[in-house]
Amino acid sequence: MSAAGPSQGARPLPREGASEAARAVPAGTGHAEVLLDVHALSAWYGAAQILFDVDLAVRRGEVVALMGRNGAGKSTTLKAIMGMVDRRRGTLAFMGSDISTAEPHQVAQAGLGFVPEDRRIFTDLTVAENLEVGRQPPRRWSDGSEASTWTPERLYRLFPNLGGMPDRPGGRMSGGEQQMLTVARTLMGNPYLVLLDEPSEGVAPVIVEQMAHMILELKGQGVSILLSEQNMHFAELVSDRAYVLEKGQIRYTGTMADLAADDEVRRAYLSL
Amino acid sequence: MDALASFVAQLLNGLAGASSLFLVAAGLSLIFGVTRIVNFAHGSFYMVGIYVAYSAVAWIGEGPGYWPALLVAAVAVGIVGALVEILLLRRIYHAPELFQLLATFALVLVIKDAALWLWGPEELLGPRAPGLRGSVAILGRQFPAYDLFLIVVGPLVLGLLWLLLTRTRFGTLVRAATQDREMVGALGVNQAWLFTAVFALGAMLAGLGGALQLPREPATLELDLHTIGAAFVVVVVGGMGSIPGAYVAALLIAELKAICIWLGVVEIAGVAISFSKLTLVVEFVVMAVVLVVRPWGLLGRPQAAPRQGGAIEAPLRAPDSLAKAATAALVLALVALPAISSQSPYVVVLAVDILIAVLFATSLHFIMGPAGMHSFGHAAYFGLGAYGAAILLKATGAPMLAVLAAAPLVAAAGAVVVGWFSVRLSGVYLAMLTLAFAQIAWAIVYQWDAFTGGSNGLTGVWPPEWLADKRAYYALTLALVLAGVFVLRRILHAPFGYAMRAARDSVLRADAIGIDVKRVQWVAFVIAGLFAGLAGALFAFSKGSISPESLHVGKSVDGLVMVLLGGIQTLAGPVVGAALFTWLHDTVARSTEYWRAMLGGIILILVLLFPQGVAGFARQVVYGRRDARSER
């Protein structure tokens, strides 16, 4: 797989006539159930259009990276999926149900968790209280098997730092600890799929390492992840597939390994 | 010993008074924290609480019915609050903040008339509480047992609220939503129900606060605005969103009032100072001091900048040929008005009122819209202009035109002082400080009998012979109002106006490009005060008399309603809003006893139909269509 050229973008994506599932997921990346299917998503802040017909999909068990430079529209894509933008258009399906016009709380209740880039910890609340806000009932997959269920105790084992300070106010934590708390808080909703916005940004290298470890751990628990990322190295460590965004449009779709090997695409859309 | 006893009695009295004040303020604070709505109708909930308790006692039966009646009142008001949230506020959460304020103010009007219809205009004093009718001797003085009970209620409710907020999931969600409600939604919590629950809880607290006052305070229709003023003060002094802060502030203010009453008239350095007169104003003095020294309140915390600064304001449009033609036609019609309406002389009288309202509203819009400073006390400058004119005329006997020129300077001088403090704050805090200063000015005017005529005001402020005819006075008013509106518009399209709007849109960026933001805002504040003063002076001469009403909070609210009704984003807004409001007020007031409910109902309908204001809506209709056409 290689890019067709920087001006035109990546391989022309099959649009017309393509079946629903095959639209954004290239063949040969597994046959698991499609959890999230985004088709022709456009989004606006005020009068400014940020996204232009974005297509993407995430299958059960996958970690998918949404790559792109600053301002390419990565965070906006995640927020638009959650319904947290001023205006959006397009078809969004999550586990078979239509969420194109759902409110953020309905999307979250459907089992789609969101971890914002700027963390948005409740600084007046303790660690335990932050987790309580995110709590939702346990879920089951459509085949009846139990989905990963999180409790504070289990999360404290995954993030030992948090386990040592359940009563500390969120405002008195380091950046890295806050980053862990914002992930843990979202996991309390027992999501099938987590939208993870720039987990490696602005934290110390040791935390970045822990984040990568955490993502792989979650994957092992059966949680799927769509993460936005600028850091190629980090994305390579954790992701199965990648999409590359530029100026609000998808420019490349492929496996992470192919993207890592494709200097041309990386130079065109990712290098600074 | 007796002095001590009376001092203690007053302190206990203050404590008892603090409890109800705290309940109302705690509810207001909770609602503001979660929904970001400044609920003007909160005092109305308190008032309804007393009325419902009164009726419930009568219905259940005096004596044993007393305590259940308090609960009935609290729950009933809570249900009213929930209905208000579901039926009205839920539809306008996405509207600009000030529109929500306008809607809650319309509710004040509707609820007041509903109470008038249900309970009539007489004061109703409830029965005393069974079991607490007697009094307790403290230091040889008899102290009502019920007041001791009230003293306990405050801390009790504070404790229960604290438990609710820190020990339950609901409380955790409320505190989280106070900080970042969007994130709470993204974590799967349905905000709509959270908001309804908080609004109902806040209303319930206000209703309980009112019901508890049943034996101490007669139910009257004036309680709503009186209570909301006091509750705002307590919330701001204690710190927005801080429940313990509300309790501390309620105690502080109630005790200071008690001490002022106890001091009575004291002679200091040969001057007799009546401290008991200070009770009208002490809370506003406290608020002004707190806002200047510690703007986030005693127990509050400095607020981070709001996550979203709201929608970006569209640039002001320069008048195009259509707007110019419409303006010219309007001016011509106004000039011709006396000739057209010679059959009905009242038209000119009403037109003078409308013109004065237009200048007042335009001057308020000048700082609210383009400068982004929401003044809740603009009537102060209107009143200063009016009193300035009246006092100058009476004291110096100067010719009227000289007085008319000097009076606005009096108002501007007031604005220089208030503005200097106010521009150091922003948002709700600025609004509250302007309100505090206006209330202080009102209290001074209301009580300084020798200089301002006290509550009676001043009479005999008539223009000279050649302006005695209403039509001549109309011509003068028209000329001055047109000139005033034109100058204010001209300033907005001058570099100074650009600086004002830059300062509103981003203080940091405006600062970074060399605009002295505080200075620009200060000057804007003074200019607005100057023109409000001119409107006030014109008002004084048109009525021939002037009363403290002219700088009361009600007048400030009228101004707000005019600006918001017309639409804050358009320059035509205040003109349309002032004309519409004054005309509606006049027409409706003459046709029904329940004019407030009518007016409130009309405002509610307008708010729900036209969230950008009437003029904003008209502009969208005219220009929206034209833009669509030119796109094709």
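Residues numbered from 1 in each chain as written. Chains lettered and ligands numbered in written order. Predicted model: local features only at pLDDT ≥ 70, side-chain atom pairs only at ≥ 80, totals over all residues. Heavy atoms only, no water.

1. Some thoughts on the overall build of chain B
Working step 1: Assigned secondary structure in chain B consists of 24 helices and six strands.
Working step 2: Rg of the C-alpha trace for chain B: 25 Å, near the compact-globule value of 26 Å for 632 residues, within the 12% margin.
Working step 3: For chain B, the C-alpha atoms occupy an extent of roughly 75 × 65 × 50 Å along the three principal directions.
Working step 4: In chain B, buried positions account for 53% of the 632 residues.
Working step 5: Considering only residue pairs separated by 6 or more positions, chain B has 79% of its internal contacts joining residues 24 or more positions apart.
Working step 6: If you sum the accessible surface of chain B, you get close to 26600 Å²; carbon and sulfur atoms cover 68% of it. (Helix = DSSP H or I, 4+ residues; strand = E, 2+ residues; numbered from the N terminus. Rg over C-alpha atoms; globule rule 2.2 N^0.38 Å. Buried < 20%, exposed > 50% of the residue type's maximum accessible area, 1.4 Å probe, protein only. Contact = heavy atoms within 4.5 Å. Areas by Shrake-Rupley, 256 points an atom, 1.4 Å probe, with all protein chains shown as cover.)

2. With respect to the domain arrangement of chain B
Residue and element names in this part refer to chain B.
Working step 1: Under the domain assignment used here, chain B contains domain 1 (2-123 + 136-293) and domain 2 (321-631).
Working step 2: Between the C-alpha centres of domain 1 and domain 2 there is a distance of 31 Å.
Working step 3: With 32 residues of domain 1 in contact, the opposing surface of domain 2 contributes 38 residues.
Working step 4: Of the roughly 3400 Å² buried between domain 1 and domain 2, counting both surfaces, carbon and sulfur atoms make up 84%. (Domains from an automatic or database assignment. Buried area = accessible area lost by both parts, 1.4 Å probe.)

3. Side note on a nonpolar patch on the surface
Working step 1: The grouping of V75, I79, L83, L87 and M204 of chain B at the surface amounts to a nonpolar patch, some 440 Å² of accessible area in total.
Working step 2: Of note, V75 of chain B is situated in helix α3 (residues 66-87). (Patch = residues over 30% accessible without salt bridge, like charges linked within 9 Å, V, L, I, M, F, W, Y side chains within 5 Å. Salt bridge = Lys/Arg side-chain N within 4 Å of Asp/Glu carboxyl O.)

4. Considering the interface of chain A and chain B
Working step 1: Between chain A and chain B, the residue contacts involve 23 residues of the former and 19 residues of the latter.
Working step 2: Considering only the side of chain A, the residues that lose the most area to chain B are R120, F122 and V133 of chain A, jointly responsible for 31% of the buried surface there.
Working step 3: Taken together, the links from chain A to chain B amount to four salt bridges.
Working step 4: The interface formed by chain A and chain B includes eleven residue pairs in polar contact (both at pLDDT 80 or more).
Working step 5: Contributions of two or more residues to the side of chain A that touches chain B are made by α2 (104-109), α3 (127-134) and α6 (175-187) of chain A. (Polar contact = N/O pair within 3.5 Å; in protein donor to acceptor, adjacent residues only side chain to side chain.)

5. Points about the nonpolar core
Working step 1: Counting residues in hydrophobic clusters, the biggest one holds 257 residues, and the most contacted among them are L36, L112 and L226 of chain A together with F366 of chain B.
Working step 2: Here this core gets 16 residues from one element, more than from any other, and that element is helix α12 (residues 346-368) of chain B.
Working step 3: Excluding residues within four positions of it along the chain, F366 of chain B makes contact with A371, L488, I491, L492, M500, A524, I527 and A528 of chain B.
Working step 4: Core analysis: the next-biggest nonpolar cluster, separate from the first, contains 34 residues, V127, V183, M211 and V223 of chain A among them. (Core = buried A, V, L, I, M, F, W, Y, C linked by side-chain atoms within 4.5 Å.)

6. Looking at the sheet that holds strand β5 (residues 97-98) of chain A
Pairing between sheet strands relies on hydrogen bonds along the backbone, with the strands arranged either parallel or antiparallel.
Residues and elements named next belong to chain A.
Working step 1: Judged by pairing direction, the sheet is antiparallel, and its four strands sit side by side in the order β2-β1-β4-β5 without closing on themselves. Where the open sheet ends on each side, the last strands, each with one partner, are β2 (48-59) and β5.
Working step 2: Strand direction decides the pairing type here: strand β1 (residues 34-45) and β2, joined by eight bridges, are antiparallel. When the bridges of β2 are listed, L41 appears paired with V54.
Working step 3: In this fold helix α1 (residues 74-82) packs onto β1, β2 and β4 (87-94), with an angle of close to 110 degrees to the strand it touches most, β1. (Pairing = 2+ DSSP bridges. Axes fitted to C-alpha atoms, helices over the stretch in contact; angles between N-to-C directions.)

7. Re the pairing of β4 of chain A
All names here are of chain A.
Working step 1: As paired strands, β1 and β4 are joined by seven bridges and run antiparallel to one another. The residue of β4 that forms the bridge with S42 is R89.
Working step 2: Sheet topology places β4 next to β5; two bridges connect them, and they run antiparallel. Considered in β5, the bridge of A93 is made with D98.

8. Points about the packing of aromatic side chains
Remark: the centre distance and the inter-plane angle together describe each pair of aromatic rings, the angle taken between the planes.
Working step 1: Evaluation of the coordinates by the stated rule reveals 20 aromatic pairs over all chains.
Working step 2: Seen from their ring centres, W67 of chain B and F149 of chain B are 5.2 Å apart, and the 75 degrees between their planes marks the pair as edge-to-face. Note that W67 of chain B is positioned in helix α3 and F149 of chain B in helix α5 (residues 145-167), a separation of 82 residues in sequence.
Working step 3: For W67 of chain B, a relative accessible area of 30% gives the class partly exposed.
Working step 4: Assessed through its relative accessible area of 27%, F149 of chain B is described here as partly exposed.
Working step 5: Cluster of aromatic residues (ring-pair linked, three or more members): F40, F105, F232 and F376 of chain B.
Working step 6: Positioned above the aromatic ring of W150 of chain A is the side chain of R154 of chain A, whose terminal nitrogen or guanidinium carbon lies 3.9 Å from the ring centre.
Working step 7: Positioned above the aromatic ring of F539 of chain B is the side chain of K555 of chain B, whose terminal nitrogen or guanidinium carbon lies 5.5 Å from the ring centre. (Phe/Tyr/Trp six-rings, centres within 6.5 Å; stacked < 30°, edge-to-face > 60°. Lys NZ or Arg CZ within 6 Å of the ring centre and 35° of its normal.)

9. A few points about the packing of α12 of chain B against helix α17 (residues 470-492) of chain B
Residue and element names in this part refer to chain B.
Working step 1: Closest axis-to-axis distance for the α12/α17 pair is 9 Å, and the angle between their directions is 20 degrees. For the element pair α12 / α17, the angle class is roughly parallel. Crossing of α12 against α17: the hand is left-handed. Where α12 abuts α17, its residues V348, V349, A351, V352, L355, I356, V358, L359, T362, S363 and F366 lie against K470, R471, Y473, Y474, T477, L478, V481, G484, V485, L488, I491 and L492.
Working step 2: For the contact of α12 with α17, the class distribution of residues is 17 nonpolar, four polar and two charged. (Parallel < 35°, antiparallel > 145°, perpendicular 65-115°, else oblique. Left-handed = near helix turned anticlockwise from the far one by under 90°. Nonpolar A, V, L, I, M, F, W, Y, C, P; charged D, E, K, R; others polar.)

10. What to know about the sheet that holds strand β6 (residues 112-115) of chain A
Residue and element names in this part refer to chain A.
Working step 1: The sheet built from six strands is open, its strands ordered β6-β7-β8-β3-β9-β10 with mixed pairing. At either margin of the open sheet sits one strand with a lone partner, and together these are β6 and β10 (249-255). Each strand axis lies, on average, 15 degrees off the axis of its neighbour in the sheet, ignoring direction.
Working step 2: As judged from the four bridges shared by strand β3 (residues 63-67) and strand β9 (residues 241-246), these two strands associate in the parallel manner. Pairing of A65 across the sheet is with A242, part of β9.
Working step 3: Against the sheet, α1 makes contact with β3, β6, β7 (193-197), β8 (224-229) and β9, and its axis sits at roughly 145 degrees relative to β7, the strand it touches most.

11. Considerations on the pattern of salt bridges
Working step 1: By the definition in use, this model includes 22 salt bridges over all chains.
Working step 2: The salt bridge involving D180 of chain B is made with R120 of chain A; its shortest N-O contact spans 2.8 Å. One end of the pair, D180 of chain B, is in helix α6 (residues 169-186); the other, R120 of chain A, is in the loop between β6 and α3, on a second chain. One exposure class covers both D180 of chain B and R120 of chain A, and it is buried.
Working step 3: Taking the shortest distance from any N to any O, the salt bridge between K219 of chain A and D240 of chain A comes out at 2.8 Å. With K219 of chain A in helix α7 (residues 205-220) and D240 of chain A in the loop between α8 (232-238) and β9, this pair connects stretches of sequence that are 21 residues apart.
Working step 4: Taken together, the shared-partner salt bridges in this structure form one network comprising E33, R60 and D143 of chain A.

12. Observations regarding the pairing of strand β3 (residues 265-268) of chain B
Residue and element names in this part refer to chain B.
Working step 1: Alignment of β3 against strand β4 (residues 271-274), held across four bridges, turns out to be antiparallel. Note on β4: the bridge partner recorded for I268 is V271.
Working step 2: The antiparallel hairpin formed by β3 and β4 contains two residues in its connecting segment, where A269 sits at a positive phi of about 50 degrees.

13. Considering the packing of α6 of chain B against helix α7 (residues 191-212) of chain B
All names here are of chain B.
Working step 1: Relative to each other, α6 and α7 sit at 130 degrees, their axes nearing to 11 Å. By the angle class used here, α6 and α7 are oblique. Between α6 and α7 lies a crossing of left-handed hand. Mapping the contact onto sequence places F170, L173, V174, A177, R181, E182 and G185 in α6 and Q191, L194, F195, A197, V198 and L201 in α7.
Working step 2: Counted by class, the contact of α6 with α7 contains nine nonpolar, two polar and two charged residues.

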